[in-house]
Each structure stands twice: as structure tokens, then as C-alpha cells.
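Observations on the three-dimensional arrangement
Spelled out, the chains give:
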Amino acid sequence: MELAYIPSPSRGVLYLGPIPLRGYAFCIIIGVFVAVWLGNKRWVARGGRTGTVADIAVWAVPFGLVGGRLYHVITDYELYFSPGRDWVDAFKVWQGGLGIWGAIALGALGAWIGARRRGIPMPAYADAVAPGIAFAQAIGRWGNWFNQELYGRETHVPWALHITSSEGGRVPGYYHPTFLYESLWCIGVGFLVIWADRRFKLGHGRAFALYVAAYCVGRGWIEYMRVDDAHHILGLRLNDWTAMIVFLLAVAYMVVSAKLRPGREAVVEPGASEAVADGTEEAAESGTEDVEGKAEPDAEPAAAEAKAEAEAESGTSKT
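These figures come from a predicted structure and were not determined experimentally.

So, the packing of aromatic side chains
Under the criterion given, the structure shown has 13 aromatic pairs. Seen in terms of ring centroids, W142 and F179 are 4.9 Å apart; in terms of plane orientation they differ by 80°. Their pairing is edge-to-face. Of this pair, W142 sits in helix α6 (residues 142-147) while F179 is found in helix α7 (residues 178-200), placing the two residues 37 residues apart along the sequence. The class for W142 is partly exposed, based on a relative accessible area of 32%. Aromatic rings pair up to connect W142, W145, F146 and F179 into one cluster.

Encoded structure:
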């Protein structure tokens with residue numbers, strides 16, 4: 001018996017009457033809100049309008065969910081289309097199974113559509129939301145804890161994850177909590193991007209590329225620890241190869257982009273600065289009118305008092 005370990009939840013869903021409340025879904029939703037909230041703060045700091053990040057996220061999030069599910073189903077097709085399997089399960093997203101590679105790829109397509117509709121440069125938007133995406137991944141990984149999935153090799157470390165379910169071929173025991181490792185790694189990646197962006201004024205998509213590269217480094221060693229079924233190529237899991245390729249592409253983009261387009265975008269959202277200036281002028285004009293309006297009533301008693309004093313002096317001189 002282990003003296004210390006991370007317990008697994010007895011179930012990943014609660015029922016509010018007939019309505020199921022799934023821990024996996026809650027983690028995804030909370031992550032999305034955190035990404036949009038932080039992305040909005042960074043976007044406004046860069047000179048954009050409040051609400052723009054959320055408007056584009058309306059396109060990016062659904063595309064990302066579809067992309068993440070497609071990647072998972074395609075790379076683990078035997079879970080849904082093998083003999084004895086029900087292909088309808090491919091649509092049951094709440095049971096887990098979202099591939100980050102597909103989510104980022106198709107989510108970027110959705111964001112590009114939303115950004116194009118508003119005339120916003122996609123690289124600037126990507127830089128603004130990059131750390132928020134990392135934090136969203138950190139939160140989303142806890143959905144795997146609720147589902148008792150994606151754990152690592154068996155271990156006896158004090159922070160071992162205790163798997164109690166035997167469904168889906170699971171073997172109860174104590175395993176490396178790879179979901180926790182990736183969650184902590186993503187938090188570190190988020191803060192790394194924020195620091196590097198402030199220190200080096202990253203622009204033209206380089207903050208997003210840094211996020212991608214840093215995430216791939218962590219995903220590589222964490223993926224190597226996992227024991228769930230996966231396709232292997234030359235002895236390595238498919239996601240390890242994906243992480244290496246995407247890492248090289250991200251680093252290459254950072255190098256080439258820095259040479260071709262150094263610095264940072266001066267304007268991230270056309271018309272945003274004018275809107276801010278107009279609002280400031282209106283506020284100033286409103287303030288001036290308020291001061292004038294308050295001064296006029298005060299002037300009338302002062303004038304009456306001065307007139308009374310003049311009449312009193314006139315009467316005194318006559319006497």
C-alpha cells in the first residue's frame with residue numbers, strides 16, 4: 001500500500017437532475033475562458049479593442065474542438081472503426097480524446113477567418129493569445145484526471161496517480177501522473193512567453209512560435225512516459241515525431257521571421273487608436289461642459305452680492 005499518492009475521482013460526472021455535469025467538459029470550458037480573458041488583456045495592451053479576442057474566439061474555439069477531435073479519431077481510428085467498436089463513439093467528445101495538434105491547426109484556421117473578417121493581422125492575434133492557450137491547456141489536462149486516462153508508467157513515487165478503474169483495458173495501480181506533468185509544463189510555458197514577450201518585444205507571430213516550440217519540448221518527454229496505446233514509427237510514438245517536426249518548424253519560423261520582419265507591429269487593429277482618441281475627446285468635452293455648467297449658477301450669486309455692496313457704498317457716500 002502506498003503511503004502517499006494522488007487519488008483519482010470515483011467518477012467524472014455529476015448529475016443535476018437529468019443534466020450531466022462532466023469534469024472533462026468543465027476543464028475545457030474554464031480553459032477557454034482563461035485564454036480569452038488573458039488574450040483580451042494582452043490585445044488591449046498592444047493597442048487593440050476590448051472584445052476583439054472574444055469575437056475571433058467565436059470562430060477559433062469551434063474549429064479547434066473539431067480539429068482536436070478529428071486528429072484523435074484519425075490517429076486512433078481502431079478505437080472507433082475496428083470490429084466490435086461503435087463508430088458513433090467518435091462523436092462522444094465528453095469521454096475524452098482531443099489531439100492538441102489538430103486543435104491548434106484547425107483552431108488557427110478559424111482564428112484566421114475571424115481575423116480576416118475584421119481586418120486584423122493574424123500573427124499579432126496569435127501573439128496575444130499564445131500564453132492564454134498554454135494556460136488553457138494546463139487547465140484542460142485535468143479533464144484527463146477526471147476520466148482516469150493518459151497516465152504514465154507504473155511508479156511508487158509519493159505523487160503517483162492511483163488508477164482505480166478497470167474499464168477500457170485499464171489496470172488499477174499507481175502510475176506517473178503525466179496529466180499533471182503536462183499541466184505544470186504548460187503553466188511554465190505560459191509564463192515563459194509572457195516574460196520573453198516583455199523582454200524582447202516579440203512580434204509578427206514569434207511569441208506564438210515560442211509557445212509552440214516550448215510546448216513541443218515538454219510534450220516530447222512526457223509523451224515518452226505514457227503507456228496508453230499509440231502508433232509507433234521507428235520505435236517512437238507518433239506524437240513524439242509530431243512534436244519534433246512541429247518544434248523544428250516553430251524554431252525555423254522564429255529565425256526567419258526575425259530576419260525578414262524584425263520588431264513588433266505598430267498597429268494591431270485598424271481604427272482602434274482613433275476610437276480611443278475619440279472617446280478621450282468626448283470625455284474631455286463632456287468634462288468641460290460640466291465645469292461650465294457648474295460655474296454659471298455660482299456666478300449669479302457673486303454678481304448679486306457685488307451689486308449690493310456697490311449700492312451700500314453709494315448710499316453711504318450720499319449720507
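Overview of the side chain of R69
Note on placement: R69 falls in helix α2 (residues 52-75). At a separation of 2.7 Å, a polar atom in the side chain of R69 contacts the main-chain carbonyl oxygen of A90. Not counting chain neighbours up to four residues away, the residues in contact with R69 comprise Y80, D89, A90, F91, K92, V93, G96, G97 and L98.

Side note on the pattern of salt bridges
By the definition in use, this model includes 14 salt bridges. A salt bridge links R141 to E182; its shortest N-O distance comes to 3.1 Å. With R141 in the loop between α5 (122-140) and α6 and E182 in helix α7, this pair connects stretches of sequence that are 41 residues apart. Like E182, R141 is buried. Among the ionic pairs, R226 bridges to E223, the shortest N-O distance being 3.3 Å. Both residues of the pair, R226 and E223, belong to the buried class. Connected through shared salt-bridge partners, R141, E182, R219, E223, R226, D228 and R237 make up one network.

So, how was this worked out
- Residues numbered from 1 in each chain as written.
- Predicted model: local features only at pLDDT ≥ 70, side-chain atom pairs only at ≥ 80, totals over all residues.
- Heavy atoms only, no water.
- Phe/Tyr/Trp six-rings, centres within 6.5 Å; stacked < 30°, edge-to-face > 60°.
- Helix = DSSP H or I, 4+ residues; strand = E, 2+ residues; numbered from the N terminus.
- Buried < 20%, exposed > 50% of the residue type's maximum accessible area, 1.4 Å probe, protein only.
- Polar contact = N/O pair within 3.5 Å; in protein donor to acceptor, adjacent residues only side chain to side chain.
- Contact = heavy atoms within 4.5 Å.
- Salt bridge = Lys/Arg side-chain N within 4 Å of Asp/Glu carboxyl O.

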